[in-house]
2 protein chains.
Amino acid sequence: MQHLNLDQVQIRLATSNDLMAIIQLLADDELGKQREAQLIQKEIPYSYLKAFKLIESNPNIMLVVLEYQDEIIGTLQLIIFPTLTLQGCIRAEVEGVRIKPSFQRLGLGKFMFNWVKNKAIEKGCGILQLTTNKSRVSANEFYKNIGFIDTHNGMKMIL
Amino acid sequence: MQHLNLDQVQIRLATSNDLMAIIQLLADDELGKQREAQLIQKEIPYSYLKAFKLIESNPNIMLVVLEYQDEIIGTLQLIIFPTLTLQGCIRAEVEGVRIKPSFQRLGLGKFMFNWVKNKAIEKGCGILQLTTNKSRVSANEFYKNIGFIDTHNGMKMIL
């Protein structure tokens, strides 16, 4: 287990310079490795570049990175959108949460979600939501520990 | 149970004229009645009007109604957003699905989700997703019947 000083961890919006590291984080994961591109040729596939451009140009979609000693060690994406339900509630949704395996269990998850919660409140959101694969046992436990309630089933359909 | 001719059911984007009927649909529900405004005074609370304006002005957020013989009998909301995960996948998310109780079990759910699926494909989405409360037993069954897989837990945190 690494030693880590949380005061030296920076959380910020991703730039295109971070893309390679983010994609490697997404792929370095039990489920992710089956579905993300493996960057053997160190070239970023066009589909990621295209998605990044859409994300970057939308103030309500934030791709976030954790940086520590010039290394990208975590990422997540935050999406803010208005809904009519819950009396016209603005929702904050989190997707693509990853922490580099060698930096897990050091408090970075809580650190990231504190940032997310504050950002969501700043944006006027009334609810924070995400789905996590049922096979990710420790992730499910983590989310419940920080105050999420698993009231819902997350349904997916590949198109 | 009503008799219903699906050919006479129109699915379209909601206008502000539909708002009262939509809010009544959202509230006329086991879970919704605990959290939506009951429109006793027949006046639309400001929070819904504000959310509707945000939804209306965003081409990637669609508030949809089912209309039958000049009556609003169903609603849902579709949100389209780019993500970096799944190789830069655009996702379509569904929120706030309601069918008027007296019009349930007549095929309207399937009808609505056919529209949703086509719209999501038209918008370039690679995945369709939603969460449904675990206590909604028949809704959970319905989604699995039309091709969703309940791989995930849906986590919520009220802010």
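Everything discussed here concerns the structure shown above.
Below: a short report on this structure.

So, how was this worked out
Residues numbered from 1 in each chain as written. Chains lettered and ligands numbered in written order. Predicted model: local features only at pLDDT ≥ 70, side-chain atom pairs only at ≥ 80, totals over all residues. Heavy atoms only, no water. Buried < 20%, exposed > 50% of the residue type's maximum accessible area, 1.4 Å probe, protein only. Helix = DSSP H or I, 4+ residues; strand = E, 2+ residues; numbered from the N terminus. Contact = heavy atoms within 4.5 Å. Pairing = 2+ DSSP bridges. Axes fitted to C-alpha atoms, helices over the stretch in contact; angles between N-to-C directions. Buried area = accessible area lost by both parts, 1.4 Å probe. Salt bridge = Lys/Arg side-chain N within 4 Å of Asp/Glu carboxyl O. Polar contact = N/O pair within 3.5 Å; in protein donor to acceptor, adjacent residues only side chain to side chain. Phe/Tyr/Trp six-rings, centres within 6.5 Å; stacked < 30°, edge-to-face > 60°.

Describing helix α1 (residues 19-27) of chain A
- Along α1 of chain A, the positions that sit buried rather than exposed are Leu19, Ile22, Ile23, Leu25, Leu26 and Ala27 of chain A.
- Tucked into the core, α1 of chain A has its buried residues touching α2 (46-56), β2 (61-68), β3 (71-82) and β4 (90-99) of chain A together with α3 (85-88) of chain B.

A closer look at the sheet that holds strand β6 (residues 149-158) of chain A
- Read from one edge to the other, the open sheet built from 12 strands follows the order β1(A)-β2(A)-β3(A)-β4(A)-β5(A)-β6(B)-β6(A)-β5(B)-β4(B)-β3(B)-β2(B)-β1(B), with strand pairing classed as mixed. Both edges of this open sheet fall to β1 (9-13) of chain A together with β1 (9-13) of chain B, since each of them pairs with a single strand only. Geometrically, the sheet is characterised by an average inter-axis angle of 25 degrees between neighbouring strands, direction not taken into account.
- One ladder, built from 7 bridges, connects strand β5 (residues 127-133) of chain A with strand β6 (residues 149-158) of chain B; its direction is antiparallel. If you follow threonine 131 of chain A over to β6 of chain B, its bridge partner there is glycine 154 of chain B.
- α1 of chain A rests against β2, β3 and β4 of chain A of the sheet, and its axis sits at about 90 degrees to β3 of chain A.

Examining the interface of chain A and chain B
- Counting from both sides, the interface comprises 59 residues of chain A and, opposite them, 59 residues of chain B.
- Across the chain A to chain B interface the summed buried area is about 5,600 Å²; carbon plus sulfur atoms make up 63%.
- Of all residues in chain A, the largest losses of buried area upon contact with chain B belong to Leu84, Met155 and Met157 of chain A, amounting jointly to 17% of the total for that side.
- Across the chain A-chain B interface, the total number found is 4 salt bridges.
- The salt bridge involving aspartate 150 of chain A is made with lysine 134 of chain B; its shortest N-O contact spans 3.8 Å.
- For the pair chain A and chain B, the interface holds 32 residue pairs in polar contact (both at pLDDT 80 or more).
- Tallying contributions element by element places β6 of chain A first for the side of chain A that touches chain B, with 10 residues.

Re the packing of aromatic side chains
Residue and element names in this part refer to chain A.
- Under the criterion given, the structure shown has 12 aromatic pairs over all chains.
- Ring centres of tyrosine 68 and phenylalanine 103 lie 6.0 Å apart, and the angle between their planes is 75 degrees; this geometry places the pair in the edge-to-face category. A residue pair is termed long-range when its members are at least 10 positions apart, and tyrosine 68 in strand β2 and phenylalanine 103 in the loop between β4 and α4 (108-122) qualify at 35 residues.
- Taking relative accessible area as the criterion, phenylalanine 103 reaches 3% and is therefore assigned buried.

Some details on the environment of leucine 130 of chain A
- Topologically, leucine 130 of chain A is positioned in strand β5.
- C-alpha of leucine 130 of chain A to C-alpha of valine 97 of chain A: the two residues are 33 residues apart in sequence and 9.7 Å apart in space.
- With residues up to four places along the chain from it excluded, the contact list for leucine 130 of chain A reads Val94, Phe113, Tyr143 and Phe148 of chain A together with Asn153, Gly154 and Met155 of chain B.

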